[in-house]
Amino acid sequence: MKMIQDFNFKGKKAIVRVDFNVPLDKKTFTVTDDTRIRGALLTIKKILGDGGCLILMSHLGRPEGRMEKYSLKPVIPVLEKYLDKKILFADDCLGESAVSMAAALKPGEILLLENVRFYPQEEGKPILPENVTDEEKKAAKAAMKVKQKEMAKQLSGYAEIYVNDAFGTAHRAHATTAVIADFFPEENRMFGFLINSELAAMDKVLHSSQKPFTAIMGGAKVSDKIMLIENLLNRCDNIIIGGGMTYTFIKAMGGKIGNSLCEGDKLDLALQLIAKAKEKNVNLYLPVDSLNADKFDNDAATNITAVDAVEDGWMGLDIAEKTIEKFSEVIMASKTILWNGPMGVFEMEKFSKGTTAVAKAIADATANGAFTLIGGGDSVAAINKNGLADKVSYVSTGGGAMLEYMEGKKLPGITAIRGE
Ligand code: AMP
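Notes on the structure in this doc start here.

**Comments concerning the pattern of salt bridges**
Here is step 1 of the chain: Tallied over the full model, the rule gives 15 salt bridges.
Here is step 2 of the chain: One salt bridge connects Lys-326 with Glu-329, and the closest N-O pair in it is separated by 3.3 Å. Here the residue Lys-326 and the residue Glu-329 both occupy positions in helix α10 (residues 321-332), the gap between them amounting to three residues, near one helical turn.
Here is step 3 of the chain: For Lys-326, a relative accessible area of 33% gives the class partly exposed.
Here is step 4 of the chain: Its salt-bridge partner being Lys-391, residue Asp-390 comes within 3.9 Å of it at the nearest N-O pair.

**Section: the side chain of Lys-13**
Here is step 1 of the chain: Mapped onto the fold, Lys-13 is located in strand β1 (residues 13-17).
Here is step 2 of the chain: Of the buried charged residues, Lys-13 lacks a salt bridge, with Glu-160 as the closest side chain of opposite charge at 6.5 Å.
Here is step 3 of the chain: Excluding its chain neighbours within four sequence positions, the residues that come into contact with Lys-13 are Cys-53, Ile-55, Ala-102, Ala-103, Leu-105, Tyr-158, Ala-159, Glu-160 and Ile-161.

**Comments concerning the pairing of strand β15 (residues 336-340)**
Here is step 1 of the chain: Among the five residues in β15, five count as buried, and that is most of the element.
Here is step 2 of the chain: Neither face of β15 is open: one carries Thr-336, Leu-338 and Asn-340, the other Ile-337 and Trp-339, and all of them are buried.
Here is step 3 of the chain: Pairing of strand β7 (residues 213-217) with β15, which is carried by five bridges, proceeds in the parallel orientation. Residue Thr-214 lies in a different strand from β15, and its bridge partner there is Ile-337.
Here is step 4 of the chain: As paired strands, β15 and strand β16 (residues 371-375) are joined by five bridges and run parallel to one another. Across the sheet, residue Leu-338 finds its bridge partner in β16, namely Leu-373.
Here is step 5 of the chain: The parallel pair β15 and β16 is bridged by helix α11 (residues 353-367), and the resulting crossover is right-handed.

**Looking at the pairing of β7**
Here is step 1 of the chain: Among the five residues that make up β7, five are buried, leaving the element largely enclosed by the rest of the structure.
Here is step 2 of the chain: Neither face of β7 is open: one carries Phe-213, Ala-215 and Met-217, the other Thr-214 and Ile-216, and all of them are buried.
Here is step 3 of the chain: Pairing analysis gives four bridges linking β7 to strand β8 (residues 238-241), with the strands arranged parallel. The partner of Ile-216 across the bridge, within β8, is Ile-240.
Here is step 4 of the chain: Handedness of the β-α-β unit built from β7, helix α7 (residues 226-233) and β8 comes out right-handed.

**Describing unusual backbone geometry**
Here is step 1 of the chain: Of note, the amide linkage connecting Lys-211 to Pro-212 takes the cis form, showing an omega dihedral of -5 degrees.
Here is step 2 of the chain: Along the chain, the position of Pro-212 falls in the loop between α6 (193-207) and β7.
Here is step 3 of the chain: The backbone phi angle of Phe-29 is positive, close to 55 degrees, even though this residue is not glycine.
Here is step 4 of the chain: With respect to the helices and strands, the residue Phe-29 is situated in the loop between β1 and α1 (35-39).
Here is step 5 of the chain: Since its relative accessible area comes to 36%, Phe-29 is described here as partly exposed.
Here is step 6 of the chain: Its identity is not glycine, yet Asn-131 carries a phi of approximately 60 degrees, on the positive side.
Here is step 7 of the chain: In this structure, Asn-131 sits in the loop between β4 (110-113) and α5 (134-156).
Here is step 8 of the chain: When its relative accessible area of 76% is taken as the criterion, Asn-131 is described as exposed.

**Looking at the site of the ligand**
Here is step 1 of the chain: The environment of the ligand is made up of 14 residues, and the closest members are Ala-220, Gly-244, Gly-316, Glu-347 and Asp-378.
Here is step 2 of the chain: Lys-225 places a side-chain nitrogen or oxygen 3.3 Å from an oxygen atom of the ligand.
Here is step 3 of the chain: At 2.5 Å from an oxygen atom of the ligand is found a side-chain nitrogen or oxygen belonging to Glu-347.
Here is step 4 of the chain: Within the complex, 80% of the 510 Å² of free accessible area of the ligand lies under protein.
Here is step 5 of the chain: In the shell around the ligand, the residues fall into six nonpolar, five polar and three charged.

Conventions adopted
- Residues numbered from 1 in each chain as written.
- Predicted model: local features only at pLDDT ≥ 70, side-chain atom pairs only at ≥ 80, totals over all residues.
- Heavy atoms only, no water.
- Salt bridge = Lys/Arg side-chain N within 4 Å of Asp/Glu carboxyl O.
- Helix = DSSP H or I, 4+ residues; strand = E, 2+ residues; numbered from the N terminus.
- Buried < 20%, exposed > 50% of the residue type's maximum accessible area, 1.4 Å probe, protein only.
- Lys, Arg positive; Asp, Glu negative; His and termini not counted.
- Contact = heavy atoms within 4.5 Å.
- Pairing = 2+ DSSP bridges.
- Right-handed = clockwise from strand over helix to strand, strands pointing away.
- Near = heavy atom within 4 Å.
- Polar contact = N/O pair within 3.5 Å; in protein donor to acceptor, adjacent residues only side chain to side chain.
- Areas by Shrake-Rupley, 256 points an atom, 1.4 Å probe, with all protein chains shown as cover.
- Nonpolar A, V, L, I, M, F, W, Y, C, P; charged D, E, K, R; others polar.

Written as structure tokens, this is what we have:
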């Protein structure tokens, strides 16, 4: 497989899938967080620095057809600021303007194509009217797959090299993230620097972790994380469970959880995970105490109880002191750490202490030499909120994509480049 750092783009034209799915201000349509744009700069600069030119393509939001509020135009001034260069823009990705501008592109130039999701064939899902039969559905899906291939083929004709650097959509089999790769020979397709660094961080945790390896799982529901926990049980030494999913485990073990979040249909599963951890010699750490509230509100009255003695009318919204102490101790003694999901309702100040304490313990463990990977929107938000992003080893940019990779799934955007 070609590696971008070894490739020379001199005199070449590359088409690069990036993830510019950035949040926009609803009134001014300016970019409110440019993290994702900054994430693509290394790859863009490498191609330009070598003396090549590039065509950027991305999605933004979930438009249904062409919708101006999902235009990629607001990205232009941000790119121009970081690259100190004019960005050419085609107001379509398949139309005449895109074709002619791509053909006329010269070394050193950058062309940004309009939102690829203005075309339903990007995602490959037909928009169906109501009351269609199964047969009609099947036919529409097949027709859409053909159109998806045609879209990918046309875009592939714009350049000699395809680079995928959109980690956030690597788990999608879309025209620009996966299908297009088939139209380039293996030596002319590769990952960009962002995907390479995401893969390196995840592979390090999954396949060459230094022991002890601790996985910290939090968030609302255990049902969202079952496959991840199961895969990690084969690899880690310790699993720490926090957040809302705690109470499903505690209830399954016969504890009293009051009105805490609980998935009644996952009690058996929780017991199976506990048994599997035992069988695999993985230490499973559940909270021992709980910070409870009498309502789901930052102004709620609170009390602290043992985690299995939450009274009726109260709900556990964060871990409490004894748990923080125990979890921090396990974290500090670890050499590899994966964190996915907050320890409590960290969006409310009153219930953010546990999540903040875990974030700080992870930063301290990093300073002690541990490799630490943070993934999932809320854990990343908690790390950023506490100003710790540069005090951990790696902060992933892809929520769903990271989760699926860590679950052991094959991601279409990754396998397409590797030719698997
Ligand atoms: P997830 O997307 O699964 O990582 O879940 C994140 C969400 O879980 C956040 O919005 C938290 O507020 C929520 N959460 C964490 N702990 C609890 C809890 N004890 N009770 C209810 N929600 C929680």
